[in-house]
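Close look at the chain arrangement
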Amino acid sequence: MLKKLLVLLVMSLFLFACGDKAPEPQTAVEESPQAGEYANAPAWVLDASLEGGLAALGIAEIGPAGMQFARNEAMANGRSELARMINVKVKDLTKNFTQQTGIGDETTVEKVSSQVTKQVTDQALQGSKAKSIWVSPKNNLHILMVIDSEMVKNYVKESVETSYKNDQALWQQFQAKKAHEELDKEIEKEFSNK
């Protein structure tokens, strides 16, 4: 009963304090704190895929270490994203816990949820290069990293051929083993009958 009275008191104070203020309309620019920073950004900053082929955005703040340091960091971030596009191993763990205790009006629900994700990539990138650079008004360096589409096609083709050759070799080994086993069975059958 005391809980209900306290909740009613807090709600009435909240309504009284907010009662005579009219809500101020907000524009989309005000809702997004970074809208001003990206108002004049090139299209590729918001969507690197517009460039076609394999493209990724790398971002780094230009700090006291200077432009070259930020450039190296942004390029590294862009290359990491490119590598994840080609090959990534993901481990994900999600834990959910919900518990209800009490009876009737005295029921309480406790809920806990946690999620951990780990992404690892190990991919050699050949031919990645910075295509475009843009510095935002908040001094963030944006670099568009791309890989030539012909290089990607060649990489995929080589991977498929290598995989095919490996699969073909394994298939041949399997067939040879199977033939030897069949031969051994026939020999044993032939000699066991005499």
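In case you missed it, the structure is sitting above this.
Presented here is an overview of the structure given in this document. In this text, all values refer to a predicted model and were calculated from it rather than measured experimentally. (Residues numbered from 1 in each chain as written. Predicted model: local features only at pLDDT ≥ 70, side-chain atom pairs only at ≥ 80, totals over all residues. Heavy atoms only, no water.)

A few points about helix H4 (residues 67–86)
When the terminal C-alpha atoms of H4 are compared, their 29 Å separation across 20 residues agrees well with the 28 Å that a helix rising 1.5 Å per residue should span. In this structure, the buried residues of H4 make contact with strand E1 (54–61), strand E4 (128–135) and strand E5 (140–147). (Helix = DSSP H or I, 4+ residues; strand = E, 2+ residues; numbered from the N terminus. Expected span 1.5 Å × (residues − 1). Contact = heavy atoms within 4.5 Å.)

Overview of the pairing of E5
With 8 of 8 residues buried, E5 lies mostly within the body of the structure. Relative to E5, E1 runs antiparallel, the two being bridged by 8 bridges. Directly across from Leu57, in E5, lies its bridge partner Leu144. Bridge count for E4 against E5 is 7 bridges, and the pairing is antiparallel. Paired with Trp134 across the bridge in E5 is His142. Joining the antiparallel neighbours E4 and E5 is a turn of 4 residues, in which Asn139 adopts a positive phi near 70 degrees. (Buried < 20%, exposed > 50% of the residue type's maximum accessible area, 1.4 Å probe, protein only. Pairing = 2+ DSSP bridges.)

Considerations on the sheet that holds E4
With antiparallel pairing, the 3 strands of this open sheet are ordered in space as E1-E5-E4. Looking at which strands have only one partner, the edges of the open sheet turn out to be E1 and E4. The average angle at which neighbouring strand axes cross in this sheet is 25 degrees, direction not considered. Contacting E1, E4 and E5, H4 runs over the sheet at an angle of about 145 degrees to E1. (Axes fitted to C-alpha atoms, helices over the stretch in contact; angles between N-to-C directions.)

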